[in-house]
Amino acid sequence: MNDTTQTLTEQSCEACSWDAPHATEAEIEQWHAQIPEWRIVERDGIMQLERSYKFRNFRQALAFTNSVGEIAEEAGHHPALLTEWGKVTVTWWSHEMKGLHKNDFILAARTDEVAS
Ligand SMILES: C[C@H](O)[C@H](O)[C@H]1CNC2=NC(N)=NC(=O)C2=N1
């Protein structure tokens, strides 16, 4: 199946490289529509995907943090994670290419699966 029919979570990540193509505006619009709870932010000129999740306490926040860490390790693509009492903020972007790549949308979708 090509990527227009597969959902983001069904697709696999590509290896990160400095010269990988940045997601185009059209791609960002197409993929962001599948994960509308995520906000697109720009920090130091780098576009990023970010979402905060609420939990009942720190232990649950920590467990979620570790689960996201597992999917990151499995994919070889890693987020920034801010773990607080009752809240985790997850930020995805492609470090080497300093921007958004399809990998970031795939892993944001997988992050939502871990949270559910
Ligand atoms: C050597 C290692 O595979 C690379 O540094 C990977 C690790 N995880 C990564 N994660 C993210 N988000 N972006 C990268 O460019 C990246 N590169």
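Residues numbered from 1 in each chain as written. Predicted model: local features only at pLDDT ≥ 70, side-chain atom pairs only at ≥ 80, totals over all residues. Heavy atoms only, no water.

- As named in an unreviewed UniProt entry, the chain is Putative pterin-4-alpha-carbinolamine dehydratase, taken from Halomonas litopenaei.
- Comment text from UniProt for the chain, heading Sequence similarities (unreviewed entry), reads "Belongs to the pterin-4-alpha-carbinolamine dehydratase family." (UniProt positions renumbered as here; feature names shortened; annotations may be inferred.)

Focus: the environment of Arg51
Point 1. Examined against the element boundaries, Arg51 turns out to sit in strand S2 (residues 46–54).
Point 2. Sequence-wise, Arg51 and Ile71 are 20 residues apart; in three dimensions their C-alpha atoms are separated by 16 Å.
Point 3. When sequence neighbours within four positions are dropped, the list of residues in contact with Arg51 reads Glu37, Trp38, Arg39, Val88, Thr89, Val90 and Asp112.
Point 4. In terms of polar contacts, Arg51 uses its side chain to reach the side chain of Asp112, at 2.7 Å. (Helix = DSSP H or I, 4+ residues; strand = E, 2+ residues; numbered from the N terminus. Contact = heavy atoms within 4.5 Å. Polar contact = N/O pair within 3.5 Å; in protein donor to acceptor, adjacent residues only side chain to side chain.)

Some points on a nonpolar patch on the surface
Point 1. Where nonpolar side chains cluster on the molecular surface, the patch consists of Phe58, Leu62 and Trp85 and spans about 340 Å² of accessible area.
Point 2. Mapped onto the secondary structure, Leu62 falls in helix H2 (residues 58–75).
Point 3. A relative accessible area of 37% places Leu62 in the partly exposed class. (Patch = residues over 30% accessible without salt bridge, like charges linked within 9 Å, V, L, I, M, F, W, Y side chains within 5 Å. Areas by Shrake-Rupley, 256 points an atom, 1.4 Å probe, with all protein chains shown as cover. Salt bridge = Lys/Arg side-chain N within 4 Å of Asp/Glu carboxyl O. Buried < 20%, exposed > 50% of the residue type's maximum accessible area, 1.4 Å probe, protein only.)

Some remarks on the packing of aromatic side chains
Point 1. Counted under the stated rule, the structure contains four aromatic pairs.
Point 2. Ring plane angle 55 degrees and centroid distance 5.4 Å describe the contact between Trp31 and Phe105, whose orientation is recorded as tilted. Taken together, the positions of Trp31 in helix H1 (residues 25–32) and Phe105 in helix H3 (residues 102–115) put the pair 74 residues apart, joining distant regions of the chain. Here Trp31 and Phe105 have matching classes, each one buried.
Point 3. Arranged with centres 6.2 Å apart and planes meeting at 70 degrees, the rings of Trp38 and Tyr53 form a pair that is edge-to-face. With Trp38 in the loop between H1 and strand S1 (39–43) and Tyr53 in strand S2, this pair connects stretches of sequence that are 15 residues apart. Exposure class is identical for Trp38 and Tyr53. Each is buried.
Point 4. Each residue in the set Trp38, Tyr53, Phe55 and Phe64 is aromatic and connected to the rest through ring pairs, giving one cluster. (Phe/Tyr/Trp six-rings, centres within 6.5 Å; stacked < 30°, edge-to-face > 60°.)

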